[in-house]
Amino acid sequence: MDVQFLAEYLEYIEVEKGLSSNTVDAYRRDLSAFLDFCYSTAGISDIKEIKRNHVNSYILNLRESNFTPRSIVRKIASLRGFFRWLGANEYIVQNPTQTLEQPKLPKRLPKVMTVEEISSILSSDLNKEESLIVELLYGCGLRVSELVNLKLSNIDMKSKYIQCYGKGSKERIVPFGSKAQEALKKYLKARDLIILQNKLSDTKVLFLKQDGKPISRQDVYNFIRKQGEKIHKHISPHTLRHSFATHLLENGADLRVVQELLGHSDVSTTQLYTHITKKRLKEVYFAINNSSC
């Protein structure tokens, strides 16, 4: 199986479409698994030989291998994008995924935290870096990838704005409040000490570990998971982002404003949070009425 097409496609989505390295890696795994399946099971040796029945067999194999519906949907999306690119570049004559339907998944309401739970974490024993991480994930609704890639030049302390780059390297400007500003000032002093201790000369990355190395996504995930244990909840960095959006809407923020703050390209993605606010409103209503009976 010629893998040159795959290498070209991965370069295309990384360089021209600006997808993150994590997304490119996911595409690489998905498409490599599909090509390996075609080679080993169907005896395909040329990508031009792949037909619709091979794609159908692969999807059936995924289901029989107990992949979750969400994983299968993602893998199908990978295939469709790859073969669409192959057709556009005239590497294939027919696109075997042209009429392939994307299975519809039931929309899951994101897990959110209460304001009290956020306050409980912030008032616990956090160091200056940890406090700032929570303030930016919750107070600004940043994605974890946006957080770890922040540079000093992305922070405007005077105007209280953060410049970050989301999916597809899409730039957006997010304001931050006085609490985040105070957390930033405290952390920057601690950061200066880290730079001195590790004798660093040119460090543009905002978040540094004690050894002077930039923090990773996994570092943030591990930290947030431990904070969840304090409130007896399983949470991730994205839970704080969900909570940010939900609390804004609950307090009367305009849906389009929240869309801009989150960096959603489609408002329908943001509308999911309105379902959460309605659900929480019902819970509060029935809790009050049941207690008064």
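What you see is a predicted model, and the numbers here were worked out from it, not measured in a lab.

## Considering the packing of aromatic side chains
All chains considered together, the criterion is met by 13 aromatic pairs. A ring pair is formed by F82 and W85, whose centres lie 6.4 Å apart and whose planes are at 15°; its orientation type is stacked. Taken as a pair, F82 and W85 lie in helix α4 (residues 69–88) at a separation of three residues, close to a single helical turn. No difference in accessibility class separates F82 from W85, as the two residues are buried.

## Points about the nonpolar core
Within the largest apolar cluster, 46 residues are counted, with the highest numbers of intra-cluster contacts made by I133, L136, L147, I162, F207, V220 and L240. Aside from chain neighbours lying at most four places away, what touches L147 is I133, L136, L137, L142, F207 and V220. If you look at the next biggest cluster of nonpolar residues, it comprises 27 residues, including Y9, I13, I44 and F83.

## A short note on the packing of helix α1 (residues 4–16) against α4
At a minimum axis distance of 11 Å, the contact between α1 and α4 shows a crossing angle of 100°. With respect to α4, the element α1 is oriented roughly perpendicular. In contact with F5, L6, E8, Y9 and Y12 of α1, α4 contributes G81, F82, W85 and L86. Of the residues assigned to the contact of α1 with α4, the class counts are seven nonpolar, one polar and one charged.

## A look at the confidence of the model for the protein
With 91% of its residues at a pLDDT of at least 70, the protein reaches an overall mean of 86. Looking across the protein, the model is least confident in helix α12 (residues 267–292), with a mean pLDDT of 56, and most confident in helix α6 (residues 128–139), with 95. Counted against residues more than four places away or in other chains, residues 284–293, with its pLDDT under 50, gives zero contacts.

## Things to note about the side chain of Q259
When you line up the elements, Q259 lands in helix α11 (residues 255–262). Apart from residues lying up to four places away in sequence, Q259 is in contact with H264, S265, D266, V267 and T270.

Conventions adopted
- Residues numbered from 1 in each chain as written.
- Predicted model: local features only at pLDDT ≥ 70, side-chain atom pairs only at ≥ 80, totals over all residues.
- Heavy atoms only, no water.
- Phe/Tyr/Trp six-rings, centres within 6.5 Å; stacked < 30°, edge-to-face > 60°.
- Helix = DSSP H or I, 4+ residues; strand = E, 2+ residues; numbered from the N terminus.
- Buried < 20%, exposed > 50% of the residue type's maximum accessible area, 1.4 Å probe, protein only.
- Core = buried A, V, L, I, M, F, W, Y, C linked by side-chain atoms within 4.5 Å.
- Contact = heavy atoms within 4.5 Å.
- Axes fitted to C-alpha atoms, helices over the stretch in contact; angles between N-to-C directions.
- Parallel < 35°, antiparallel > 145°, perpendicular 65-115°, else oblique.
- Nonpolar A, V, L, I, M, F, W, Y, C, P; charged D, E, K, R; others polar.
- pLDDT = per-residue confidence, 0-100.

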